[in-house]
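A structural walkthrough
The residues making up each chain are set out below.
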Amino acid sequence: EVKITSAKRKRYRNKGNPAVELIRKVIARKKQNQPGNNDYLQYDQYDRIVFSIANLSDKFLNGNFFHRYKFLLDTTLDIDSSKLVRLPVYMSEKNYTFYLRKNPEKNIGIVKAHKQINISNLIDSAGLDIYLNRIYGDNIDIYTNNIFVLTNQFLSPIADHSPDFYKFFIGDTVIVDGKKLVTLNFTPRNTGDLLFEGHMLIALDSSYAVTAMDMGVNKRINLNFIQNFHLHQEFEVYPDGRYYLKKNNVKADFGILKNMKLRLIGERTMFLQHYIVNHPMPKAFYAGKELQEVPDSGL
């Protein structure tokens, strides 16, 4: 089928809009797709936080002092997909096992291993680790109405009333592992509001679950010293039919050293696996502390 329309821009409407009808189907099935709605949930999580300095001068990179340490450099794609050379100055890695109980609510995380590297004595490792965890949020849940990240509260594109604040547009349909998925793009109606912009992949089956999410924020939003931000999530389907979070990646450009033409990049990456659903631990286990560590974990 070929449809030809005029170049005249049409007014965006929710009524009769297939993209809005699609996001409403996603919203209507939030409870059945949200992993936290299980009575009990257990999973393993690898958590890595890296803090890097970027936009280093060629004089510094090619100097005699730094010549022997060039192996430390990380050449990767920037938040805006441009090539970026970064010098990591701090890294923290942790392996957890999490146990979640819905009612009464109790979340317990057990640290099984922890490794920390700080190549600069100017950085307070303990303080920075706590700070970065706070600004990046803990296990960002896109199915909640509000997402707390970067010390701000954003309205999720899957919030109950998101069609009143976001514009939605249907993109390509793709086949992944034999499943039909559709790309749904979204952008704020008002670019100055604390809203996201990006796209999500939605399963075109009875679940209408989100299988992937890519989103950032509009540059017009005032996030104080945060210059840029990007969130990427991937989900994996389990035998119970739900899509569970498999990967979570958050990048932020702090821009604190703007006057020195340097950029400070923070990145948090999580990999989650081995989900066990509705297999409770003994009752006494949930009376323990919310954060625990095994002996010799590195903490």
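As a starting point, this report considers the structure included with it. (Residues numbered from 1 in each chain as written. Predicted model: local features only at pLDDT ≥ 70, side-chain atom pairs only at ≥ 80, totals over all residues. Heavy atoms only, no water.)

This part takes up unusual backbone geometry. Cis peptide bonds are those with omega within 30 degrees of zero, and the linkage from N103 to P104 qualifies with -10°. Looking at the element boundaries, P104 is found in the loop between β3 (83–101) and β4 (106–118). The phi torsion at D177 lies on the positive side, around 55°, for a residue other than glycine. With respect to the element layout, D177 can be found in the loop between β7 (166–176) and β8 (179–188). The exposure class assigned to D177 is exposed, which follows from its relative accessible area of 76%. Non-glycine residue Y208 carries a positive phi angle of around 45°. (Helix = DSSP H or I, 4+ residues; strand = E, 2+ residues; numbered from the N terminus. Buried < 20%, exposed > 50% of the residue type's maximum accessible area, 1.4 Å probe, protein only.)

Our focus in this paragraph is the pattern of salt bridges. For the coordinates displayed, the defined rule picks out two salt bridges. The partner of D160 in a salt bridge is K30, and the shortest N-O contact between them spans 2.8 Å. A residue pair is termed long-range when its members are at least 10 positions apart, and D160 in the loop between β6 (152–155) and β7 and K30 in helix α2 (residues 30–33) qualify at 130 residues. By relative accessible area, D160 is classed as partly exposed at 38%. The closest approach of N and O atoms between R268 and D47, which form a salt bridge, is 2.6 Å. With R268 in strand β13 (residues 263–277) and D47 in strand β1 (residues 40–54), this residue pair connects regions lying 221 residues apart in the sequence. (Salt bridge = Lys/Arg side-chain N within 4 Å of Asp/Glu carboxyl O.)

Here we come to the environment of L223. Locating L223 in the fold gives a position in the loop between β10 (210–217) and β11 (228–237). Under the relative-accessibility criterion, L223 is labelled buried at 6%. Along the backbone, L223 and N152 are 71 residues apart, and their C-alpha atoms lie at a distance of 8.1 Å.

This part covers the pairing of β8. Taken together, the nine bridges between β7 and β8 define a ladder with antiparallel strand orientation. When the sheet's bridge partners are listed, Y166 is paired in β8 with P188. Hairpin connection of β7 to β8: two residues between the antiparallel strands, including D177 at a positive phi of 55°. Here β8 runs beside strand β9 (residues 196–203); their pairing, made up of six bridges, is antiparallel. Residue pairing across strands places F186 opposite G198, the latter belonging to β9. (Pairing = 2+ DSSP bridges.)

Now for the side chain of Q42. Following the sequence through the fold, Q42 ends up in strand β1. Taking the relative accessible area as the measure of exposure, Q42 reaches 16% and is therefore buried. Not counting the four nearest positions on each side in its chain, Q42 is found in contact with T97, F98, Y99, H274, Y275, I276 and M281. (Contact = heavy atoms within 4.5 Å.)

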